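Tertiary structure, described
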Amino acid sequence: MRKLILLTLLLVVFFAMSASAAVINFDDLPDEVVPDGYQNVTWFGDWTNYTEPQDPYNPHSPPGRVYDFLNDAMFQFNSAVQFNGAWFAGQPTTTVQFEGFLNGQMVFSSDVLTTSNVPTFLSSNYNGMVDTIHVLSNAPDFFIMDDVTYNEVPEPGSLVLMGTGLAGLAGYLRRKF
């Protein structure tokens, strides 16, 4: 009985700590403006995908990558996520930086990355939740972004429901055996 309860608690903790990783790589899009709702994200501005080779705008995972001519280009997730970062390449004098927001409040500002023709990962260096990401640049039309990476974290209500189900299963198994 104690082993069953301990196993149930360990499963609840495991699922509570787990987050499913997601990567937006743009490889399934034609060369056009990224549509709103693509990968459950709202893309503000004119994020445009292209797949043709063009140095120094080399993708991390060919062929797709996106660019936006706006400074402070942004995208918004449908629900709060743990944003990890994205890959960038571009002209050697171009800098990029993230600002992350949750419910309209800025919660982090990343390091500044100077791009090159070698795709480089810009980490958010933030483990909290965000719903909106701003991409700032000194030259917004001279960089590309690829492989946007984030973790979806289960909602607390889902975890409670799962925990209740596991506790019920444990009780059932206890009575049966």
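The rules we used
- Residues numbered from 1 in each chain as written.
- Predicted model: local features only at pLDDT ≥ 70, side-chain atom pairs only at ≥ 80, totals over all residues.
- Heavy atoms only, no water.
- Helix = DSSP H or I, 4+ residues; strand = E, 2+ residues; numbered from the N terminus.
- Contact = heavy atoms within 4.5 Å.
- Areas by Shrake-Rupley, 256 points an atom, 1.4 Å probe, with all protein chains shown as cover.
- pLDDT = per-residue confidence, 0-100.
- Buried < 20%, exposed > 50% of the residue type's maximum accessible area, 1.4 Å probe, protein only.
- Pairing = 2+ DSSP bridges.
- Polar contact = N/O pair within 3.5 Å; in protein donor to acceptor, adjacent residues only side chain to side chain.
- Phe/Tyr/Trp six-rings, centres within 6.5 Å; stacked < 30°, edge-to-face > 60°.
- Core = buried A, V, L, I, M, F, W, Y, C linked by side-chain atoms within 4.5 Å.

Turning to the overall build of the chain, a few remarks are in order. Along its length, the chain carries two helices and eleven strands. Going from N to C terminus, the chain has its helices and strands arranged as α-β-β-β-β-β-β-β-β-β-β-β-α. Taking as baseline every contact in the chain between residues at least 6 positions apart, the subset at least 24 positions apart corresponds to 71%. Just so you have it, the chain exposes about 9,700 Å², and 58% of that area is on carbon and sulfur atoms.

So, about the confidence of the model for the chain. Across the chain, pLDDT averages 86, with 77% of residues at or above 70. Contacts of residues 157–161 to residues separated by more than four positions or lying in other chains number three contacts, the stretch itself having pLDDT below 50.

On to the pairing of strand β10 (residues 130–137). With eight of eight residues buried, β10 is to be regarded as a mostly interior element. Examined bridge by bridge, strand β5 (residues 73–90) and β10 share five bridges and lie antiparallel to one another. Paired with Phe75 across the strands is Ile133, a residue of β10.

To continue, consider the environment of Arg65. The topology assignment puts Arg65 in strand β4 (residues 65–67). Note: C-alpha distance between Arg65 and Met145 (80 residues apart in sequence) is 5.7 Å. A distance of 3.0 Å separates a polar side-chain atom of Arg65 from the backbone oxygen of Pro63.

A word on the packing of aromatic side chains. Inspection of the entire model under this criterion finds 16 aromatic pairs. Note on Tyr50 and Tyr67: the rings are 5.5 Å apart at their centroids and 70° apart in plane angle, and the pair reads as edge-to-face. A residue pair is termed long-range when its members are at least 10 positions apart, and Tyr50 in strand β3 (residues 48–50) and Tyr67 in strand β4 qualify at 17 residues. The class of Tyr50 is buried, set by a relative accessible area of 12%. Centre to centre, the rings of Phe83 and Phe98 are 4.9 Å apart; their planes meet at 85°, and the pair counts as edge-to-face.

Here Asn127 shows up in the loop between β9 (120–123) and β10. Since its relative accessible area comes to 68%, Asn127 is described here as exposed.

What follows concerns the nonpolar core. Counting residues in hydrophobic clusters, the biggest one holds 29 residues, and the most contacted among them are Trp43, Phe75, Phe83, Phe88 and Met145. Every element with two or more residues in this core is listed here: β1 (20–24), β2 (41–44), β5, β6 (95–102), β10 and β11 (143–152). At seven residues, β5 tops the list of elements feeding residues into this core. Contact partners of Phe83, with chain neighbours within four places excluded, come to Phe75, Phe77, Phe98, Phe108, Ser124, Tyr126, Val130, Ile133, Val148, Thr149 and Tyr150.

Let us look at the side chain of Ser137. Tracing the backbone through its elements, the reader meets Ser137 in strand β10. Within polar-contact distance, the side chain of Ser137 engages the backbone oxygen of Thr95 at 2.8 Å. Aside from chain neighbours lying at most four places away, what touches Ser137 is Asn71, Thr94, Thr95, Val96 and Phe143.

All right, on to unusual backbone geometry then. Geometrically, the link from Asp55 to Pro56 is a cis peptide bond, its omega value of 10° lying close to zero. Omega for the peptide link from Pro62 to Pro63 comes to 10°, which places this bond in the cis form. By the secondary structure assignment, Pro63 is in the loop between β3 and β4. For Gln39, which is not glycine, the phi torsion reads 60° and is therefore positive. Assignment of secondary structure puts Gln39 in the loop between β1 and β2. Look at Gln39 and you get partly exposed, because its relative accessible area is 34%.

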